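Overview (structure and organization)
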Amino acid sequence: MKLSRRQLMMATGLGAVATGIALKPSDQGAPHNAYFLAVSQALAKAGLAQPTLIIDQQALDHNIQQVKQATAVHKLPVRLVVKSLPSLDLLNYLSQQLNSQRFMVFNLPMLTTVTQAYPQGDFLLGKPLTALAVQEWLRVESNRAALPHIQWLMDSPQRLIEYSEVAKQFNVQLRVSLEIDVGLHRGGFVDVGELKQVVQTIKSNPQLQLAGLMGYEAHVGKLPTILNMQQKAWDHFKNTYQQAISILTEAGYEPQKLTLNAGGSPTYTLHAKGTVANEVAVGTAFVQPCDFDLATLNQHKAACFIATPVLKALNPALIPAIEWADGLRRWWDVNNEQGYFIHGGHWLAKPVSPQGLALSGLYGRSSNQELWLGSSSQHLQVNDYVFFRPQQSEAVFLQFGDIVVFDNQQKQISQRWQVFSMSA
C-alpha cells in the first residue's frame, strides 16, 4: 500500500513521539531499606545530626575474618596500613584481632602517634619522605627512641646519600628498606646493577642498616583477566621481587630474616595463595569503600558510610533564573522533581541511600549545602538522613570528627572512635 505524503508525515511524527516517550527517564527513586532506616533511627537516638562517618561493626568483623582466614593458610603476617585506618581505636581493634603490631605509615605526624602508642611495634614507611622532613623530626629527642623500630623507605641512591648525611648529623643509625619497581612504575629501583650497588653502600655504612624490601603491586588487582593480563602482571611482580631477593642473598643477607613487604588490599588474596613476600599490607579492605569493589575483594562487605541530614526539602526544585522552564524539566524527568539540600557535601563518596539521588549539575559541588535531586519515591523529608559510601578511607575518614560504630545486631551506636588530627 502506497502512503500519501500526509500519511507519511503523520507516521514519522508519531514515530518521533514514540521514540521520545521511550527515551523519557523512568523514576529511579526508592526509599531507605530496612538497614538504612535502622541506622537512621540509631543516629537520631544518639543525637547525631551532622555529617558523620559510620563503621558497621558486623561488616568490619566479617572483613577481618576474610583476611584472617586467607592469610592463615601460609601463616602470612598482616601489616596494618595506617593512612587507610586513621584511628588508634580502630587500629587497636584490628591489632588485637589480627595479633599484629606491624604498621605501614605514610607521614610523620601519624608515625609519631603510632610509635608512642606501640613502643614495641614495627613501622615501615609506605613512601619515601624527604630527608629534610626526617631531619626536622629527629630534632625532637623523644622521636629518636623509636628509631630501632622504624624502616625508612629508600627509592634511589641519592635519597640514600641524603639519609646517610642526616644519620651522621644526629649520630644515629637508620634502618632502611628498599623500594623496588615491580610493575606499578611509581618509582623505586629498577636497574639490577644499581640495586646491587645500593646494597653494598648500606653494608659499608655503619649508620645505615638494611631492613628489607618493599614492592607494591596495586595495579595487579585492577587489571582485567582478559588476555591473561592480570596473571602476567602477577608473574612479573613475583619474578622481579625474586630477583631482588637473590641480590640480597648474594650480598650475604638472609632475606627471610628481613622484611619482604608487598601487597595491599586489592591483592592480599593473591598473596594468600602463595607469594615471594613474607608479609602483606592490608588497610582499606577492612572497611571496604566503593572504589575497592574489585573481583579480588568480592567476599568483603561495605563497612563504612557517611550519613548527613537533609536541611531543606524543595518540592518542586526550581531552576534559578529560568523558573518558567521548570515544569517541562520535571515532566521530562521525574528524577528532577524534588531537591534536597544536605548538610555539607563534596566528599569523595557516592550516594547509596535512598536510591536514585543525583547531584544537581546546575548547582555543582558544595562543601556547605550540596543539592541532590530526586523524586517523591525517595520519601525524604527535612531531618531525614542521606547515606553515602566513601570511595576511599584515607583522608575521607579524617573529615567528620569521631567515627561512630553501628552495632547492627543491637541496632544502636555502640562506640565512638577518635580519629587522628588532619595531616597530609
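Residues numbered from 1 in each chain as written. Predicted model: local features only at pLDDT ≥ 70, side-chain atom pairs only at ≥ 80, totals over all residues. Heavy atoms only, no water.

**Remarks on the overall build of the protein**
Note the cut-off: Working definition: helices are DSSP H or I runs of at least four residues, strands are E runs of at least two. Numbering for both runs from the N terminus. Summary of the burial criterion: residues with accessible area below 20% of their type's maximum are buried, those above 50% are exposed, and those between are partly exposed, where the area comes from a 1.4 Å probe applied to protein chains only. Contacts are assigned to residue pairs that have any heavy atoms within 4.5 Å of one another. Only the protein chains shown count as covering a residue, and every accessible area follows the Shrake-Rupley method with a 1.4 Å probe. Charge assignment: positive for Lys and Arg, negative for Asp and Glu; neither His nor the chain ends contribute. Charge positions come from single atoms, namely NZ of Lys, CZ of Arg, CG of Asp or CD of Glu.
Regarding its fold elements, the protein presents 13 helices and 17 strands. For the C-alpha atoms alone, the extent of the protein along its principal axes is close to 90 × 60 × 45 Å. For the protein, with 424 residues in total, the buried portion stands at 52%. A separation of at least 24 residues holds for 72% of the contacts in the protein among residues at least 6 apart in sequence. On the protein, roughly 20100 Å² of surface is accessible, and the fraction owed to carbon and sulfur atoms is 53%. Where the 33 positive side-chain charges of the protein centre and where its 30 negative ones centre are 5 Å apart.

**Considerations on the packing of helix H5 (residues 108-117) against helix H6 (residues 131-138)**
Counted only if it meets this: Only the stretch in contact is used when a helix axis is fitted, and all axes are lines through C-alpha atoms; the angle between N-to-C directions ranges over 0 to 180 degrees. Should an angle lie under 35 degrees it is considered roughly parallel, over 145 roughly antiparallel, and from 65 to 115 roughly perpendicular; all remaining angles are considered oblique. When the near helix sits turned anticlockwise from the far one by under a right angle, the crossing is termed left-handed; a clockwise turn instead gives a right-handed crossing. The residue classification treats Ala, Val, Leu, Ile, Met, Phe, Trp, Tyr, Cys and Pro as nonpolar and Asp, Glu, Lys and Arg as charged. All others, Gly included, are polar.
Two elements in contact, H5 and H6, have axes whose closest approach is 11 Å; the angle formed by their N-to-C orientations is 40°. Considered as vectors, H5 and H6 are oriented oblique to each other. For the pair H5 and H6, the crossing hand works out as right-handed. Where H5 abuts H6, its residues Leu108, Leu111 and Thr112 lie against Ala133, Val134 and Trp137. Classifying every residue of the contact of H5 with H6 gives five nonpolar, one polar and no charged.

**A look at the pattern of salt bridges**
Rules: By definition here, a salt bridge exists when the distance from a side-chain nitrogen of Lys or Arg to a carboxyl oxygen of Asp or Glu is within 4 Å.
Using the criterion set out here, one finds ten salt bridges in the structure. Lys83 is the partner of Glu394 in a salt bridge, and the nearest nitrogen-oxygen pair spans 2.5 Å. One end of the pair, Glu394, is in the loop between strand E15 (385-390) and strand E16 (403-407); the other, Lys83, is in the loop between strand E2 (78-81) and helix H4 (88-98), with 311 residues separating them in the sequence. Glu370 serves as the salt-bridge partner of Arg365, at 2.7 Å between the closest nitrogen and oxygen.

**Points about the sheet that holds strand E3 (residues 102-105)**
Counted only if it meets this: A pair of strands is considered paired only if DSSP assigns at least 2 bridges between the two.
Around the barrel, which closes on itself, the eight strands sit in the order E2-E3-E4-E5-E6-E7-E8-E9 with parallel pairing between neighbours. Geometrically, the sheet is characterised by an average inter-axis angle of 30° between neighbouring strands, direction not taken into account. As paired strands, strand E7 (residues 208-215) and strand E8 (residues 259-262) are joined by four bridges and run parallel to one another. Within E8, the residue paired with Met214 across the bridge is Asn261. Each of strand E6 (174-179) and E7 touches helix H9 (residues 192-204); the most contacted strand, E6, lies at about 175° to it.

**Considering the environment of Cys304**
Within the secondary structure, Cys304 sits in strand E10 (residues 304-314). According to the relative accessible area criterion, Cys304 is buried, its value standing at 0%. C-alpha of Cys304 to C-alpha of Ile54: the two residues are 250 residues apart in sequence and 5.5 Å apart in space. Contact partners of Cys304, with chain neighbours within four places excluded, come to Ile54, Val287, Gln288, Pro289, Arg389, Pro390 and Phe397.

**Notes on the nonpolar core**
Heads up, the condition is: For this analysis, a nonpolar core means a set of buried residues of the types Ala, Val, Leu, Ile, Met, Phe, Trp, Tyr and Cys, connected via side-chain atoms within 4.5 Å.
Trp152, Leu178, Tyr241 and Phe286 are the most contacted members of the largest nonpolar core, which totals 107 residues. The contacts of Trp152, once residues within four sequence positions are left out, are Leu108, Leu111, Leu125, Val134, Trp137, Leu147, Tyr163, Leu174, Arg175, Val176 and Ser177. Ala42, Ile54, Phe305 and Phe406 belong to the second largest nonpolar core, which has 14 residues in total.

**Structural notes on empty space enclosed by the protein**
The cut-off we apply is this: In this analysis the probe radius is 1.4 Å and the grid spacing 1 Å, with only protein atoms considered; a cavity is a set of points the probe fits into but cannot get out of, a pocket is an open set with protein on both sides within 12 Å along at least five of seven lines, and lining residues have an atom within 4 Å of a point. Grid points are joined across faces, edges and corners, and a volume is the space filled by probe spheres set on the points.
One pass over the structure, following the stated rule, counts one cavity of 30 Å³ or more. If you add up the space inside the largest cavity, you get close to 60 Å³. Lining the largest cavity, in full, are Glu179, Ile180, Asp181, Val182, Leu184, His185, Arg186, Gly187 and Tyr216. Residue classes in the lining of the largest cavity are distributed as four nonpolar, two polar and three charged.

**Looking at the pairing of strand E1 (residues 52-56)**
Counted residue by residue, E1 has five buried out of five residues, so it is predominantly covered. The two faces of E1 match: Thr52, Ile54 and Asp56 on one face and Leu53 and Ile55 on the other face are all buried. Pairing geometry for E1 and E10, over four bridges, is antiparallel. Looking across to E10, one finds that Leu53 is bridged to Ile306. Taken together, the four bridges between E1 and E16 define a ladder with parallel strand orientation.

**Notes on the layout of surface pockets**
Put simply, the largest pocket is a space of about 630 Å³. Residue lining of the largest pocket: 32 residues in total, with Val81, Lys83, Ser84, Phe106 and Glu394 positioned closest to the centre. For the lining of the largest pocket, the secondary-structure elements that each account for two or more residues are helix H10 (218-222) and strand E9 (279-282). In terms of residue class, the lining of the largest pocket is made up of 14 nonpolar, twelve polar and six charged.

**Some details on the packing of aromatic side chains**
Heads up, the condition is: To pair, rings of Phe, Tyr and Trp, with the six-membered ring standing in for Trp, must have centres within 6.5 Å; the planes then decide the type, stacked if under 30 degrees apart, edge-to-face if over 60, and tilted in the middle. Here, a charge over a ring means that NZ of Lys or CZ of Arg falls within 6 Å of the ring centre while also lying within 35 degrees of the ring normal.
Inspection of every chain in the model, using the stated rule, returns 17 aromatic pairs. Seen from their ring centres, Tyr35 and Phe305 are 6.1 Å apart, and the 55° between their planes marks the pair as tilted. Of this pair, Tyr35 sits in helix H2 (residues 34-45) while Phe305 sits in strand E10; the two residues are 270 residues apart in sequence, bridging distant segments of the chain. Aromatic ring contacts, followed pair by pair, group Tyr35, Phe36, Phe305, Tyr385, Phe387 and Phe406 into a single cluster. Across the ring face of Phe292, the terminal group of Lys222 is positioned such that the distance to the ring centre comes to 5.9 Å. Lying over the aromatic face of Phe341, Lys312 brings its terminal NZ or CZ to 5.7 Å of the ring centre.

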